[in-house]
Amino acid sequence: MPAVEVVEVEKHYQAGATTVRALAGVSLTVEKGEFMAIAGPSGSGKTTLLNLIGALDTPSAGALRIDGVDLAGMSRKQLADLRRDKVGFVFQAYNLIPVLTAAENAEYVLELKHMPRAARRTRIGQLFAELGIGELLDAWPGKMSGGQQQRVAVARAIASMPAVVLADEPTANLDQVTGKALIDMMHRLNHEHGVTFIFSTHDPMVLAQAERVVRLVDGKIASDERRGETVAGAVAAPVA
Amino acid sequence: MIGTLTIAWRNLWRTRRRTVISMSAIGLGLALVVIYGGLVSRLMGDAKEQLDTTGLGHFEVTAAGWRQHRSGKLTIADLDAKLQDLPVPASAEVSVRVLSRGLLAGARGNEAVEVHGVDWQRERAVALYLREIRQGAVPADDDAHGILVGEQLAERLKLQVGHKLRLTVQRADGEMGAALFRVRGVFHTLSPGIGQRRVLISRAAAAELLGVGGSAHQIVVQIDRAADASRWAGEARAKLGPTVEVLTYADIYPIFEAMESLVNGAILVGSIFVYFLVGLGILNTMLMSVLERTREFGVMQALGTRPGGVLRMVLAESFWIATLSVALGLGIGLSFTWLGSRSALLDFSEQMGEGIEFGGTVMRAAFLTEFSVRAALLPALYVYLMALLVALYPAWRVSRMRPVDALRAG
Ligand SMILES: Nc1ncnc2c1ncn2[C@@H]1O[C@H](COP(=O)(O)OP(=O)(O)OP(=O)(O)O)[C@@H](O)[C@H]1O
Ligand SMILES: [Mg+2]
């Protein structure tokens, strides 16, 4: 079962009298264990697509399946539960909850899943150790550097073993070195634990680390390349 | 523990100054309601319960029409039988009076007076001033010539214990009657009017002087709680028949009830005003903190917090503000009412004299407060309800935002 299936998805925004077609018929399948980047110029629809996959927003048309679950017709509560169970998020602006320590931020997701306290603590302790951020367990977000916050954000995103982790420009606020280190960490998690990552970026250095790159132009998939090859079957639209 | 209440508590202290300010404002509002309530309920309570400051009693039995005509002829028929039949609680105090207007003549002048012929022991229980003799003493039971006068009257007529006085009255048969009395004591009263006009002699002496035989004009009954007055008066009315008139203190002085509803109305309006301000304070605080943190609520939703969870998070914050405010408000309010129940917080004695006369009773000008934790709990509960109620709006607003919109905010 694929981690993500996007079928003929459209997203339209009403901007005054005109309708913006942010996504114009996107179809995409992401298998478990992929390490995929979404590229494309500004306004091409990267964020829109990630928001739809993450069930933060609903499509104007088309279907979305996350880990085999069709999002159509779900209530807000069901969508929340789906995000809790199947999706992890890493945001550009880190977005750690400032009143929770690093460990508590990661624990928060597990608490939502009603995992007992002791099990939560153990799991987060191990995870932080593995990610090399064990010394940050009791640190407050406000006291951490951007790179540290984003590592904690990754830990939070994968803590509950989601089917897919979505990261919209995770390195945009980081310097080159820190950004590369973050992508390396994500890549290692992908390799060693099979965590599925979909991230968007403008940075060619980051793109170079992706195993698959889907390029959006004007809300359509312009290319879909795996390790440099174009994958047949992707909806290739002519570059305008 | 990173439950909703913990997160809400921590969020409260991110904007420490705002929290402290709104908590203080709400707390002081509550304290004000508690103190005001304590002051007024003590005041109204004293006014109603302590009718012995004037000897009014909670209800009285007189011959029908006596209140209207004040005629010495209108005595209670079959007084002893009526006293036997009078339904009163066991703890009630009952005093029988022979009443008349009269003229008191001393060596230094004359004064118009109202004469109370009483049984000393019984009267003591219903008239505070008989317990506050400042010179001399209450006359002995068989003292047919002893008279008590108030401080003000003694002052005017330059009376001392032992001085001789002539009391002239109109007898029940219409003739003039007069007798000589000797001052046995001078009483103190909160009421300058009573101090100046009221004189007390024994019931036997009064009956003799007025020629009313064994009868009397008034039976005064004082019970434990003013609230029960109309019930007992009603029973007395039914039992004693139409030859007598039974009137409660409130019948005699309707201003009591009027004053009470006025005061209750004022409390209600004042409280509504305070709660309104409390509500505005909490609404403002919550709206500000929710709007500032919209994106955080978006993050929580992205992590899988349900809309209901977001709603609870905001309500939890409001709950904490209410809790802190209530703690502060009760702390201040109860401290003041406790202190005020011991010694007066408001004392107008300097300006208004020891007592303030009001509708047949006299209140002390040094206002005490009633200390009652129970009475303070209701306003505290209202603060909680208000906090929850007004927080519902910001809570509902942010919880129904789509996560994508919430994340874009701020
Ligand atoms: N809420 C919205 N209302 C109206 N138009 C929107 C909204 N969100 C996005 N758009 C439009 O949809 C299109 C796609 O936007 P999107 O943010 O997905 O692009 P992006 O590829 O993420 O761009 P960037 O690289 O700048 O982040 C753009 O034309 C944008 O203006
Ligand atoms: Mg974007």
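Please read these numbers as outputs of a predicted model, since none were measured by experiment. (Residues numbered from 1 in each chain as written. Chains lettered and ligands numbered in written order. Predicted model: local features only at pLDDT ≥ 70, side-chain atom pairs only at ≥ 80, totals over all residues. Heavy atoms only, no water.)

Colleague: Got a minute to help me understand the nonpolar core in this structure?
Modeller: Proteins that are soluble and globular tend to have nonpolar side chains buried together. V4, V6, L49, I53, Y108 and I198 of chain A are the most contacted members of the largest nonpolar core, which has 77 residues in total. Looking at which element gives the most residues to this core, the answer is helix α13 (residues 307-342) of chain B, with 12 residues. The residues contacting I198 of chain A, other than those within four sequence positions of it, are V4, V30, M36, I38, L50, I53, V164, V165, L166 and A167 of chain A. If you look at the next biggest cluster of nonpolar residues, it comprises 53 residues, including L86, V199, W232 and A233 of chain B. (Core = buried A, V, L, I, M, F, W, Y, C linked by side-chain atoms within 4.5 Å. Buried < 20%, exposed > 50% of the residue type's maximum accessible area, 1.4 Å probe, protein only. Helix = DSSP H or I, 4+ residues; strand = E, 2+ residues; numbered from the N terminus. Contact = heavy atoms within 4.5 Å.)

Colleague: Help me understand helix α4 (residues 117-130) of chain A in this model?
Modeller: For an α-helix, 3.6 residues make a turn, and residues three or four places apart therefore share a direction. Residues and elements named next belong to chain A. Under the 1.5 Å per step criterion, the end-to-end length of α4 is 20 Å for 14 residues, consistent within 8% with the ideal 20 Å. Looking only at α4, the buried set comprises R120, I124, L127 and F128. An end-on view of α4 places all buried positions within 95 degrees of arc, on one side of the element. Away from its buried face, by an angle of more than 90 degrees, α4 presents the exposed residues A118, Q126 and A129. On its buried side, α4 packs onto α3 (102-112) and α5 (146-158). One or two positions beyond α4, positive phi appears at G132, with a value near 75 degrees. (Expected span 1.5 Å × (residues − 1). Arc of directions from axis to C-beta.)

Colleague: Hey, could you run me through the domain arrangement of chain B in this one?
Modeller: Note on interface size: it is often stated as the accessible area lost on association of the parts. Residues and elements named next belong to chain B. The domain boundaries assigned to chain B delineate domain 1 (2-51 + 256-409) and domain 2 (57-252). Placing a centre on the C-alpha atoms of domain 1 and another on those of domain 2 gives a separation of 50 Å. Each partner contributes to the interface: domain 1 provides 10 residues, whereas domain 2 provides 15 residues. Interface area for domain 1 against domain 2, summed over the two sides, is near 1000 Å², with a carbon-plus-sulfur share of 55%. Linking domain 1 with domain 2 are zero salt bridges, by the criterion used here. Our enumeration of links across domain 1 and domain 2 arrives at zero residue pairs in polar contact (both at pLDDT 80 or more). (Domains from an automatic or database assignment. Buried area = accessible area lost by both parts, 1.4 Å probe. Salt bridge = Lys/Arg side-chain N within 4 Å of Asp/Glu carboxyl O. Polar contact = N/O pair within 3.5 Å; in protein donor to acceptor, adjacent residues only side chain to side chain.)

Colleague: Would you mind showing me how to read the site of ligand 1 here?
Modeller: Close contacts around ligand 1 come from 14 residues, with S42, K46, T47, T48 and H202 of chain A the closest. Looking at what sits near ligand 1, you find residues from chains A and B. In this structure, an oxygen atom belonging to ligand 1 sits 3.0 Å away from a main-chain N or O atom of G45 of chain A. Take T47 of chain A: an N or O atom from its side chain is 2.7 Å from an oxygen atom of ligand 1. Counting residues per element, the ones that place at least two in the shell around ligand 1 are β2 (18-30) and α1 (46-53) of chain A. The biggest single contributor to the shell around ligand 1 is α1 of chain A, with three residues. (Near = heavy atom within 4 Å.)

Colleague: What's the story with the pairing of strand β9 (residues 218-222) of chain B in this structure? I'm lost.
Modeller: Both faces of the sheet carry side chains from a regular strand, because those side chains alternate between them. Residue and element names in this part refer to chain B. Summarising burial for β9: five of the five residues are buried, a large majority. Of the two faces of β9, both are covered, the one formed by Q218, V220 and Q222 as well as the one formed by I219 and V221. Pairing between strand β1 (residues 59-63) and β9: four bridges, direction antiparallel. Bridging from a neighbouring strand, F59 pairs with V221 of β9. (Pairing = 2+ DSSP bridges.)

Colleague: Which parts of the structure should I look at to understand the packing of aromatic side chains?
Modeller: A ring pair, where both rings are aromatic, is described by two values, the distance of the centres and the angle of the planes. Residues and elements named next belong to chain B. The full count for this structure, using the stated rule, is 10 aromatic pairs over all chains. Look at W9 and W320: their rings are 4.9 Å apart centre to centre, the planes differ by 70 degrees, and that puts the pair in the edge-to-face class. Here W9, found in helix α1 (residues 4-12), pairs with W320, found in helix α13; they are 311 residues apart in sequence, far enough to count as distant. Among the aromatic residues, those joined into a cluster by ring pairs are W9, W13, F319, W320 and Y384. (Phe/Tyr/Trp six-rings, centres within 6.5 Å; stacked < 30°, edge-to-face > 60°.)

Colleague: Got a minute to help me understand the sheet that holds β2 of chain A in this structure?
Modeller: The pairing of strands in a sheet happens through backbone hydrogen bonds and is either parallel or antiparallel. Residue and element names in this part refer to chain A. Strand order in the open sheet formed by four strands is β2-β1-β4-β5, with antiparallel pairing between adjacent strands. Edge positions in the sheet fall to β2 and β5 (69-70), since each has one partner strand and no second. Across two bridges, strand β4 (residues 61-66) lies against β5 in antiparallel orientation. The partner of I66 across the bridge, within β5, is V69. Against the sheet, α1 contacts β1 (4-15), β2 and β4, and its axis sits at roughly 120 degrees relative to β1. (Axes fitted to C-alpha atoms, helices over the stretch in contact; angles between N-to-C directions.)

Colleague: For this particular structure, what's the right way to read the interface of chain A and chain B?
Modeller: Facing 29 residues of chain A, the contacting portion of chain B comprises 26 residues. Summed over both sides, the interface between chain A and chain B buries roughly 2500 Å², with carbon and sulfur atoms accounting for 59% of that surface. It is R76, V99 and Y108 of chain A that lose the most area in chain A upon contact with chain B, and together they represent 26% of the buried surface on that side. Linking D81 of chain A and R306 of chain B is a salt bridge whose minimum nitrogen-to-oxygen distance equals 2.7 Å. Our count for the contact surface shared by chain A and chain B stands at 10 residue pairs in polar contact (both at pLDDT 80 or more). Those elements giving two or more residues to the side of chain A that touches chain B turn out to be α2 (76-86) and α3 of chain A.

Colleague: Quick question: what am I supposed to make of the packing of helix α12 (residues 294-303) of chain B against α13 of chain B here?
Modeller: For any two helices packed against each other, one specifies the inter-axial angle together with the distance between the axes. Residue and element names in this part refer to chain B. It is at 10 Å that the axes of α12 and α13 come closest, and there the two elements cross at 140 degrees. Taken together, the axis directions place α12 and α13 in an arrangement best described as oblique. As α12 packs across α13, the resulting crossing turns out to be right-handed. Along the contact surface, α12 presents F297, M300 and Q301, while α13 presents V310, M313 and V314. Looking at the contact of α12 with α13, its residues break down into five nonpolar, one polar and no charged. (Parallel < 35°, antiparallel > 145°, perpendicular 65-115°, else oblique. Left-handed = near helix turned anticlockwise from the far one by under 90°. Nonpolar A, V, L, I, M, F, W, Y, C, P; charged D, E, K, R; others polar.)

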